[in-house]
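# Descriptive structure summary
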Amino acid sequence: GNDLLTLINDILDLSKIEAGKLDLNPEKFELEYFLTDLKSLFSETAKTKKINFVLNNNLNSETVLETDRIRLSQIIR
C-alpha cells in the first residue's frame, strides 16, 4: 500500500515539474545514511528476485550532500 502511494506521489511530482510548479527543499545530509536507506529499500527486493545487489561507497563517512533529499530518492527509485 505504501509503495503504491509513493509511486502515485512521484507521478504527481513529475506533473508539477513539467508545469514548473514544484518547490525544492534543499537540505544537508550525510551520504552514508542516505545510502543505508537505499540499501534497505532495495536489498529485500533484490534478494526475493535473486539479484545480486551491491552498493559501493568509496567516499569518506562524513561526506555531506546538499540537495532535496526526497527528489533525489525519487530519481534513484
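This write-up is about the structure you can find in this document. Please read these numbers as outputs of a predicted model, since none were measured by experiment.

In this section: the overall build of the chain. The helix and strand inventory of the chain stands at 3 helices and 2 strands. Ordered by position from the N terminus, the helices and strands of the chain form the series α-β-α-β-α. Rg of the C-alpha trace for the chain: 15 Å, well past the compact-globule value of 11 Å for 77 residues, more than 25% over. In the form shown here, the chain has an accessible surface area of approximately 6,400 Å², with 53% of it arising from carbon and sulfur atoms. With 10 positive and 13 negative side-chain charges, the chain shows a separation of 7 Å between the mean positions of the two kinds.

Notably, K50 is not glycine yet its phi reads approximately 55°, a positive angle. Take K50: its relative accessible area is 77%, and that puts it in the exposed class.

With the rule as written, the count across this model stands at 2 aromatic pairs. Here F29 and F34 contribute two aromatic rings whose centre-to-centre distance is 5.5 Å and whose plane-to-plane angle is 45°, an arrangement assigned as tilted. You'll find F29 and F34 in the same group, each marked buried. Ring geometry for F42 against F53: centres 6.0 Å apart, planes inclined by 45°, an arrangement best described as tilted. Note that F42 is positioned in helix α2 (residues 31-48) and F53 in the loop between α2 and β2 (64-67), a separation of 11 residues in sequence. With a relative accessible area of 26%, F42 lands in the partly exposed category. Accessibility expressed as a relative area gives 30% for F53, which makes it partly exposed.

Criteria and cut-off values
Residues numbered from 1 in each chain as written. Predicted model: local features only at pLDDT ≥ 70, side-chain atom pairs only at ≥ 80, totals over all residues. Heavy atoms only, no water. Helix = DSSP H or I, 4+ residues; strand = E, 2+ residues; numbered from the N terminus. Rg over C-alpha atoms; globule rule 2.2 N^0.38 Å. Areas by Shrake-Rupley, 256 points an atom, 1.4 Å probe, with all protein chains shown as cover. Lys, Arg positive; Asp, Glu negative; His and termini not counted. Charge placed at Lys NZ, Arg CZ, Asp CG, Glu CD. Buried < 20%, exposed > 50% of the residue type's maximum accessible area, 1.4 Å probe, protein only. Phe/Tyr/Trp six-rings, centres within 6.5 Å; stacked < 30°, edge-to-face > 60°.

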